[in-house]
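Chain by chain, the residues run as shown.
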Amino acid sequence: MTDFLSEAQALFEYTQTLRRDFHMHPELGFQEVRTAGIVAKELTALGLEVTTGVGGTGVIAILGGTKPGPVVLVRADMDALPITEETEAAYASQTKGVMHACGHDAHTAVLLTVARMLHARRAELPGTVKLVFQPAEEGMGGAEKMIEAGVLENPKVDAALALHVWNERPVGWFGIAGGPTMAGAEIFKVRVIGKGGHGAVPHLAVDPVLAAAQVVSALQGIVSRNVPPLQTAVVSVCTVHGGETFNVIPPAVELTGTIRTFDAAVRQTVLARFEQTVQAAAGAMGCRAEIDLQRLTPATVNDPGAAARVQATARRLFPKTDVDTTNYVTMGSEDFAFILEKTPGCFFFIGTANPDKGLDAAHHHPKFDIDESALPHAAALMTAAVVDLLSGKTG
Ligand code: NI
């Protein structure tokens, strides 16, 4: 049997060099021009059919096997975050205020490595692999833009895979869940509107500060009183803005925050209760509220069949390590969810933390960095999972 892990390890320098280069030159969503250029160059060098400028700065390459078979899409995201890096790494960001603080640099480098590994075994591959390098995953709609641009058609995709390097778990851990694995996210903006006035004569004003405080408190009742105890949801108010000075009651207060859910029925309940609670709590204080609720992503829901296949692949590849198939879930959100809404597939996690080396800062933290020794794990598992899905292998 082909040893995917040794092959990926032999390509470690390739993966690491690319990852460090992307890390030094991070680009925000829909601005990944340099990154996409390198991606296209690497894929073209393999002799693949490459399309650039898909859904903005996205890149697609088609890798055709030599026999008929299904079409498997593999996606990596390429964007960085508006964060100033605080690591002391030699390969730290050279662009002030922009940083690969989520590991998308690793995803891009890993998928280019997967492309090389799949290309090398093209002669034995049935079906077609669609390699997708997506822009703007961080809440900017990159996946939706690529879907609009037709990434799931021509040829039509039968299954989709993506991975995330994961600093919540150590190197050697793999999280592959059937069913929901990341939460659906909405963002909200609530404007509590009263009537401004002098702080010394509150009876002549309608105080939106008191009303906003009631709204924040009342919202805590949704998860504790309306969501079934064995289900999950989050309602977080994350900003409160109102007023300019100590003796003036402001005319309005603005609240923003996020709602996270996994289950469609729970989501409906939470959204309905959110509107009722905000209006009623504001109304009780004589104020009114304007609510702007936007869906960021649906829940990321893995197809149980596809997840079972990736789990089997991982157990075969890494018999001695920790393959967590007990439905690892996180309240974070991920726009691969839009692709999984339309195509069965699996989104999985590769442990990348190493506390002994100080490499365990959380995602989106200015000190975020990964243990690169996990990169071959990612490349080997993704390549093997693609091969297994294409050949219909279940174990
Ligand atoms: Ni991410």
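*Asks:* Give a description of the domain arrangement of the chain that names residues and reports values.
*Replies:* Partitioning the chain into structural domains gives domain 1 (4-182 + 300-391) and domain 2 (184-297). Computed over C-alpha atoms only, the centres of domain 1 and domain 2 are separated by 37 Å. Every contact between the two is made by 13 residues of domain 1 and, on the other side, 10 residues of domain 2. Counting the surface lost from both domain 1 and domain 2, the interface buries some 840 Å², and carbon and sulfur atoms represent 70% of this. Looking at the side of domain 1 facing domain 2, the largest losses of area belong to Met331, Ser333 and Phe338, adding up to 57% of the total buried there. Between domain 1 and domain 2 we count 0 salt bridges in total. Counting across the interface, domain 1 meets domain 2 through 1 residue pair in polar contact (both at pLDDT 80 or more). Those elements that provide at least two residues to the side of domain 1 that touches domain 2 are β7 (179-182) and α9 (336-342). Broken down by element, the side of domain 1 that touches domain 2 gets its largest block of residues, 3 residues, from β7. In terms of residue class, the side of domain 1 that touches domain 2 is built from 5 nonpolar, 5 polar and 3 charged.

*Asks:* Lay out helix α7 (residues 264-284) with the relevant residues and their values.
*Replies:* Between its first and last C-alpha, α7 extends 30 Å over 21 residues, near the 30 Å set by a 1.5 Å rise per residue. Summarising the contacts, the buried residues of α7 are in contact with β8 (184-193), α6 (208-226), β10 (233-241), β12 (252-261) and β13 (288-297). In this structure Asp263 caps α7, since a side-chain oxygen of it lies 3.0 Å from the backbone nitrogen of Ala265. Trailing α7 by a residue or two, Gly286 shows a phi angle of about 80°, which is positive.

*Asks:* Just give me the short version of empty space enclosed by the protein, but keep the residues and values in it.
*Replies:* For the coordinates displayed, the defined rule picks out 1 cavity of 30 Å³ or more. Quantified by volume, the largest cavity comes out at close to 50 Å³. Along the walls of the largest cavity sit Val74, Arg75, Ala76, His107, Val110, Leu111, Val114, Leu163 and Met382, which together make up its complete lining. Sorting the residues of the lining of the largest cavity by element identifies β3 (67-77) and α4 (104-120) as the ones contributing at least two each. Per element, the largest residue contribution to the lining of the largest cavity is 4 residues, and it comes from α4. Each residue belonging to the lining of the largest cavity can be placed in one class, and the counts come to 7 nonpolar, 1 polar and 1 charged.

Cut-offs applied
Residues numbered from 1 in each chain as written. Predicted model: local features only at pLDDT ≥ 70, side-chain atom pairs only at ≥ 80, totals over all residues. Heavy atoms only, no water. Domains from an automatic or database assignment. Contact = heavy atoms within 4.5 Å. Buried area = accessible area lost by both parts, 1.4 Å probe. Salt bridge = Lys/Arg side-chain N within 4 Å of Asp/Glu carboxyl O. Polar contact = N/O pair within 3.5 Å; in protein donor to acceptor, adjacent residues only side chain to side chain. Helix = DSSP H or I, 4+ residues; strand = E, 2+ residues; numbered from the N terminus. Nonpolar A, V, L, I, M, F, W, Y, C, P; charged D, E, K, R; others polar. Expected span 1.5 Å × (residues − 1). 1 Å grid on protein atoms, 1.4 Å probe; cavity = no way out; pocket = protein on both sides within 12 Å on 5 of 7 lines; lining within 4 Å. Points joined across faces, edges and corners; volume = space filled by probe spheres on them.

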